[in-house]
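What follows is each chain in one-letter form.
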Amino acid sequence: MKNIFNWVLAAILVCGASVVMSSCSKDDDSDNSSTPQSKKYDVYASAVLDKNLAEYGYMEVSYTCNGKTETFQLKKGDASEQFPTNNDFGNSVLKYVNSMYQISYTNDNFIVRNIVLKGLTENESAVFKYKFVANPDHPAITEDGNRFFVKPNVLGYVDGYYTQILYNLVGSSVKTDRFDSWLTSQGNEMQVTFSPKHSE
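Residues numbered from 1 in each chain as written. Predicted model: local features only at pLDDT ≥ 70, side-chain atom pairs only at ≥ 80, totals over all residues. Heavy atoms only, no water.

Visitor: Before we go on, may I ask you to explain the pairing of strand β2 (residues 57-65) in this structure?
Guide: Each regular strand displays side chains that alternate between the two surfaces of the sheet. Bridge analysis of β2 against strand β5 (residues 126-134) gives 9 bridges, and the strand direction is antiparallel. If you follow M59 over to β5, its bridge partner there is F132. Relative to strand β3 (residues 68-74), β2 is paired through 7 bridges, and the arrangement is antiparallel. What sits directly across from Y63, in β3, is E70. The hairpin formed by β2 and β3 contains 2 residues between the paired strands, and N66 there has a positive phi angle of roughly 55°. (Pairing = 2+ DSSP bridges. Helix = DSSP H or I, 4+ residues; strand = E, 2+ residues; numbered from the N terminus.)

Visitor: I keep staring at the environment of S80 and nothing clicks. Help me out?
Guide: Looking at the element boundaries, S80 is found in the loop between β3 and α2 (89-101). By relative accessible area, S80 is classed as partly exposed at 30%. Linking S80 and R113, residues 33 residues apart in sequence, is a C-alpha distance of 6.6 Å. Apart from residues lying up to four places away in sequence, S80 is in contact with N107, F110, I111 and V112. Side-chain polar atoms of S80 contact the backbone oxygen of F110, separated by 3.2 Å. Separated by 2.9 Å, the side chain of S80 and the backbone nitrogen of V112 make a polar contact. (Buried < 20%, exposed > 50% of the residue type's maximum accessible area, 1.4 Å probe, protein only. Contact = heavy atoms within 4.5 Å. Polar contact = N/O pair within 3.5 Å; in protein donor to acceptor, adjacent residues only side chain to side chain.)

Visitor: Before we go on, may I ask you to explain the nonpolar core in this structure?
Guide: If you look at soluble globular proteins, the nonpolar side chains tend to sit buried side by side. Of all hydrophobic cores here, the largest spans 32 residues; its most connected members are F128 and V154. Take this core: its biggest share by element is 5 residues, from strand β1 (residues 41-50). Y44, V93, F110 and V112 belong to the second-largest nonpolar core, a separate cluster that totals 14 residues. (Core = buried A, V, L, I, M, F, W, Y, C linked by side-chain atoms within 4.5 Å.)

Visitor: Could you clarify how one ought to interpret the pattern of salt bridges in this entry?
Guide: Side-chain pairing between opposite charges can occur once the charged atoms of the two side chains come close. Counted under the stated rule, the structure contains 3 salt bridges. Between D42 and K118 there is a salt bridge whose closest N-O contact spans 3.5 Å. Of this pair, D42 sits in strand β1 while K118 is found in strand β4 (residues 110-120), placing the two residues 76 residues apart along the sequence. Residue D42 is classed as partly exposed on the basis of its relative accessible area, which comes to 24%. With its nearest N and O atoms 3.7 Å apart, the salt bridge here joins K75 to D78. Exposure remark for K75: the relative accessible area of 37% places this residue in the partly exposed category. (Salt bridge = Lys/Arg side-chain N within 4 Å of Asp/Glu carboxyl O.)

Visitor: Just checking my understanding: could you explain the sheet that holds β3 for this structure?
Guide: One key point about sheets: their strands pair by backbone hydrogen bonds, in either a parallel or an antiparallel sense. Sheet architecture is open: 4 strands sit in the order β3-β2-β5-β10, paired in antiparallel fashion. In this open sheet, the two edge strands, each paired with only one partner strand, are β3 and β10 (190-194). With strand direction ignored, the average angle separating the axes of adjacent strands in the sheet is 20°. (Axes fitted to C-alpha atoms, helices over the stretch in contact; angles between N-to-C directions.)

Visitor: Just to check I follow, could you spell out unusual backbone geometry for this structure?
Guide: Negative phi is the rule for most residues except glycine; trans is the rule for most peptide bonds. Of note in the backbone geometry, N66 takes a positive phi value of approximately 55° without being a glycine. Counting through the fold element by element, N66 comes out in the loop between β2 and β3. Given a relative accessible area of 54%, N66 falls into the exposed group.

Visitor: Can you walk me through the side chain of S62 in this structure?
Guide: Mapped onto the elements of the fold, S62 is located in strand β2. In contact with S62, other than residues within four places in its own chain, are T69, E70, T71, V127, F128 and K129.

Visitor: What am I meant to see in the packing of aromatic side chains here?
Guide: Note on aromatic pairs: each is described by the distance of the centres and the angle between the planes. Counted under the stated rule, the structure contains 10 aromatic pairs. Relative to F128, the ring of Y63 lies with its centre 5.0 Å away and its plane at 20°, an arrangement referred to as stacked. Placement of the pair is Y63 in strand β2 and F128 in strand β5, with a sequence separation of 65 residues. Taken together, Y56, F149, F179 and W182 form an aromatic cluster joined through their ring pairs. (Phe/Tyr/Trp six-rings, centres within 6.5 Å; stacked < 30°, edge-to-face > 60°.)

Read these as layout, nothing more, since geometry by itself doesn't imply function.
So, in structure tokens, the structure goes:
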């Protein structure tokens, strides 16, 4: 009789353990079946026009993201925004320009337009196109020597990583007697793509 009781007790314990293990397995399965959320990325871009160059024309910018295209211009007299402070981006831009070209530029020397595109997946991107359009009736340069300009550009980063490295913000020392031909050469359309894939 005692043996029968022991067998019944053992059977109950085994069945109970099976029920508990089965229950945990179901919970694990339900967790595994949930689809993980894709990581989202934020794109920070800054269109940059040297105020000295804005005396002679304007910067034309367009960007396309998720099938939508926006366009804008930067020109003399436009209110300027500050370079983004995220990731020390603004300081990095100005430090680079000042150390590379031995000049003293601040944010006030540029007309800046910031664009923030939030929540891109790693398969999405933002394509920026830009060029400088010279005014046909721009003022003449009469003095001898050279003039310094920082070329128009679109800079920025994705998810904390620079995707358009700072040395693309190029300065040019232009001989005044070749200024008109140099100005015309700035009309070539340039393109930069900001993509989360570039940040990995």
